[in-house]
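Per-entry structural report
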Amino acid sequence: MKLAIERMTYGPDAIAHTPEGKTVFVSGAVAGDVVEAELVSDGKSFSKARTVKVLEPSPNRVTCEWMLADVLGCAPWAHLARAAQLEAKRANVVDSLLRVGHLADAEELVAPCEAPSDGWRYRNKAELAFVRDGRHATLGMYGTDGSTVIKVEDFPLLDIPAKGRESKLVKNVSGALSYLASSHELDIERVGIRRSSRTRDLEIAIWTPTGAFPRAQARRVLENVGATSLVRVMTKGPAKARKVAGVERLDGAGSWTERIAGNVMRLSAPSFFQVNTLGAERLVDLVLDALDPQENDIAMDLYSGAGTFTLPLARYTSFVDAVESYGPAVRDLRRNLEDARLDNVDAVGGDADREFPDDEADIIVVDPPRAGLAENVVRQLSEQPARAIAYVSCDPATLARDLARFRALGTYEIASVTPVDLFPQTFHVETVTKLVRR
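Below or above, wherever it landed, is the structure these notes cover. (Residues numbered from 1 in each chain as written. Predicted model: local features only at pLDDT ≥ 70, side-chain atom pairs only at ≥ 80, totals over all residues. Heavy atoms only, no water.)

Under the defined criterion, the tally for this structure stands at zero disulfides. Free cysteine: Cys64, not disulfide-bonded; nearest cysteine sulfur from Cys74 at 9.9 Å. There is no disulfide at Cys394, and the cysteine sulfur nearest it, in Cys113, is 14 Å away. (Disulfide = S-S within 2.5 Å.)

Written as C-alpha cells, this is what we have:
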C-alpha cells in the first residue's frame, strides 16, 4: 500500500492513515515520507506495516552512516533530522497531556524541547545482550524484533572517540566475553559498559546468575580494554523478577564515578544513573530553577537514586529528606554524601508512600520510575506546604495522569513542562514539570 506519513509516535513507528481513515503504524518511515508499505498485521482499530520503499523522502529525512541503525532497536529515529526529532518529542508530550491528562492548556504549558547534548556519542553507558547457540556464545545488541542478538563492532551512541584504540571498546569487550562464555560454557545475562569522558573511569559489569565463575580468566581476557573497574553482578530469582544478590569486585575500584553539576558521584553497577551526563546536568539546572532553593529551606527528594538532585539541594538548603527504595542506590547515596562531606541529609531506604517524610518541606523534587507516582503519593505531596514541586518524568503518559491528579486535588498548579532530549535518535524524552502552590 502507498502511505503518506503524518507524524511520529511515542514509539519507533510513524503514523499514517488509509484512504478509509484507518490508522496504520509504519516502521522504517519518518514524518513527511511517502512510502510503499507492506502490511504486517491488520486489527479492527489499527494496522501495522513496514516500509518497503521510500517513494518520496521527507524534507526531514537524513542519511545515517551507521549501517546497523536500521536493524538494531536502539536508534529508531536515526533517519529523522535532529530538529524534527525535538519537535516530535514536544508534540508527543503535548499529545499525552491532552489525551491522557485531559489538560486543555497543554499547548501553552509545554516549552520547546531542549537539546543539551550532541545527537551522537552522548551516552555514558552501553548494554550488551547475550545469546547462546550450543557451545557458541554471542554478545551484541538486540535487533528491532527485541529478541535477535546482533554482533556490534561500533556503537556511535556511546561517548567514545570515533577513531583510535578506544573506538574499538564495544568490539573488544563483546569479543573477549563471547570467548570467555564459549570456552567455559558460561551463562551471562548481560554486560554493562560505563565510561566517563570527565573522570576517565571505565567499568565493565558482567551480570550472571549466582554460582561458580571464572574470575581469573575474566580478568585476563579483559586486561587490555583499559577498565578501571571490573565487577560481577550476581542475580537470583525467576527470569521476570530477578534480584541482585551481590556485587563482586573482580579488578580495579569496584565502582564507577561521574562528575556532574559540581559533584562527583560514585555508583555501583546496579545503581541507576542517567545515560546522558550533559542531559542530566540540564535536569539539575531546571530543577534548581524551578525550586529556587534558599539556605533556610527544608527540601524533599523522593526517588532520590544515588543523589543526582540530593547533593546539589544539600549544598543550597538547610536540610534534605531523601527517600529511595532500591538498596544499592541507597548505599551509593550515603557514600556520596559522606564523600562530599554533607551531613544535612536524612537518606532513608524504602518506598516513597510508606516512608514519606514527616518533615514539612519548603521545596520538593520527585523523580519516579516509568510507572510514575502512586495516587497516594500525589495526595501526600498535595498536603505539603511546599511552595514548589519539581517533577522529573521519563514517561509522558504517566506524567499526564499524575498532573491531572494534582490539578484535581487543587493544591498545586502546573506552571511549566520542559521536555529535555536525553535520548537522541530515539522517541524517549525526559521532562521537568514545575508545580507551584496556589
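From this point on, the discussion continues.
In this section: the nonpolar core. Ranked by size, the top nonpolar core spans 67 residues in total, and within it Val173, Leu177, Ile193, Ile204 and Leu222 carry the most contacts. Not counting the four nearest positions on each side in its chain, Leu177 is found in contact with Leu139, Ile188, Val191, Ile204, Ile206 and Leu222. (Core = buried A, V, L, I, M, F, W, Y, C linked by side-chain atoms within 4.5 Å. Buried < 20%, exposed > 50% of the residue type's maximum accessible area, 1.4 Å probe, protein only. Contact = heavy atoms within 4.5 Å.)

As a further point, take the pattern of salt bridges. According to the stated counting rule, one finds 28 salt bridges in the structure shown. In this structure, the salt-bridge partner of Arg407 is Asp105, at a minimum N-O distance of 3.0 Å. With Arg407 in helix α9 (residues 396-409) and Asp105 in the loop between α1 (82-99) and α2 (106-109), this pair connects stretches of sequence that are 302 residues apart. Note on Arg407: relative accessible area 23%, which makes it partly exposed. Judged by relative accessible area, which is 24%, Asp105 ranks as partly exposed. Two residues, Asp297 and Arg387, come together in a salt bridge whose shortest N-O distance is 2.6 Å. Remark: Arg387 occurs in the loop between α8 (375-382) and β20 (388-393) and Asp297 occurs in the loop between α5 (277-291) and β16 (298-302); sequence separation between them is 90 residues. Take Asp297: its relative accessible area is 6%, and that puts it in the buried class. (Salt bridge = Lys/Arg side-chain N within 4 Å of Asp/Glu carboxyl O. Helix = DSSP H or I, 4+ residues; strand = E, 2+ residues; numbered from the N terminus.)

Here we come to the sheet that holds strand β9 (residues 149-150). Within a sheet, adjacent strands bond to each other through the backbone by hydrogen bonds, running parallel or antiparallel. Pairing within the open sheet is mixed, and its seven strands lie in the order β9-β8-β7-β10-β11-β12-β13. The open sheet terminates on both sides in strands that have one partner only, identified here as β9 and β13 (243-252). Inspection of the sheet shows strand β8 (residues 136-142) paired to β9 by two bridges, in the antiparallel sense. Its bridge partner lying in β9, Tyr142 is registered against Val149. Of the strands in this sheet, β7 (125-133), β8, β10 (190-195) and β11 (202-209) touch helix α3 (residues 169-183), which is tilted by about 145 degrees from β8. (Pairing = 2+ DSSP bridges. Axes fitted to C-alpha atoms, helices over the stretch in contact; angles between N-to-C directions.)

So, about the packing of α1 against α9. Where α1 contacts α9, the axes come no closer than 8 Å and their chain directions differ by 40 degrees. On the basis of the axis angle, α1 is oblique to α9. Relative to α9, α1 is oriented so that their crossing is right-handed. Every residue of α9 that contacts α1 at Asn92, Val93, Ser96 and Leu97 is listed here: Pro396, Ala397, Ala400 and Leu403. Among the residues making up the contact of α1 with α9, the classes are represented as six nonpolar, two polar and no charged. (Parallel < 35°, antiparallel > 145°, perpendicular 65-115°, else oblique. Left-handed = near helix turned anticlockwise from the far one by under 90°. Nonpolar A, V, L, I, M, F, W, Y, C, P; charged D, E, K, R; others polar.)

You can see Leu337 is positioned in helix α7 (residues 327-339). With twelve residues separating them in the primary sequence, Leu337 and Ser325 have C-alpha atoms 17 Å apart. Those residues in contact with Leu337, other than ones at most four positions away along the chain, are Thr310, Leu311, Leu342, Val345 and Ala347.

As a further point, take the packing of aromatic side chains. The full count for this structure, using the stated rule, is five aromatic pairs. Here Trp66 and Trp120 contribute two aromatic rings whose centre-to-centre distance is 6.3 Å and whose plane-to-plane angle is 85 degrees, an arrangement assigned as edge-to-face. Here Trp120 lies in the loop between α2 and β7 and Trp66 lies in the loop between β6 (46-56) and α1, a separation of 54 residues in the sequence. Residue class for Trp66 comes out buried when judged on its relative accessible area of 10%. Residue Trp120 is classed as partly exposed on the basis of its relative accessible area of 30%. For the pair Trp256 and Phe273, a centre-to-centre distance of 6.0 Å together with 65 degrees between the ring planes defines the contact as edge-to-face. (Phe/Tyr/Trp six-rings, centres within 6.5 Å; stacked < 30°, edge-to-face > 60°.)

Tracing the backbone shows Asn344 in the loop between α7 and β18 (345-349). Relative accessible area serves as the criterion here: at 14%, Asn344 is assigned to the buried category. Within polar-contact distance, the side chain of Asn344 engages the backbone oxygen of Ser318 at 3.5 Å. Not counting residues up to four positions away in its chain, the partners in contact with Asn344 are Ala314, Thr317, Ser318, Phe319 and Val320. (Polar contact = N/O pair within 3.5 Å; in protein donor to acceptor, adjacent residues only side chain to side chain.)

A few words on the pairing of β8. Of all seven residues in β8, five are buried, a share of seventy percent or more. Direction of pairing for β7 relative to β8: antiparallel, over a ladder of five bridges. Paired with Val131 across the bridge in β8 is Thr138. Connecting β7 to the next strand, β8, in antiparallel fashion are two residues, including Gly134 with a positive phi near 70 degrees. Counting the residues in the hairpin turn of β8 and β9 gives six residues, including Gly146, whose phi is positive at 80 degrees.

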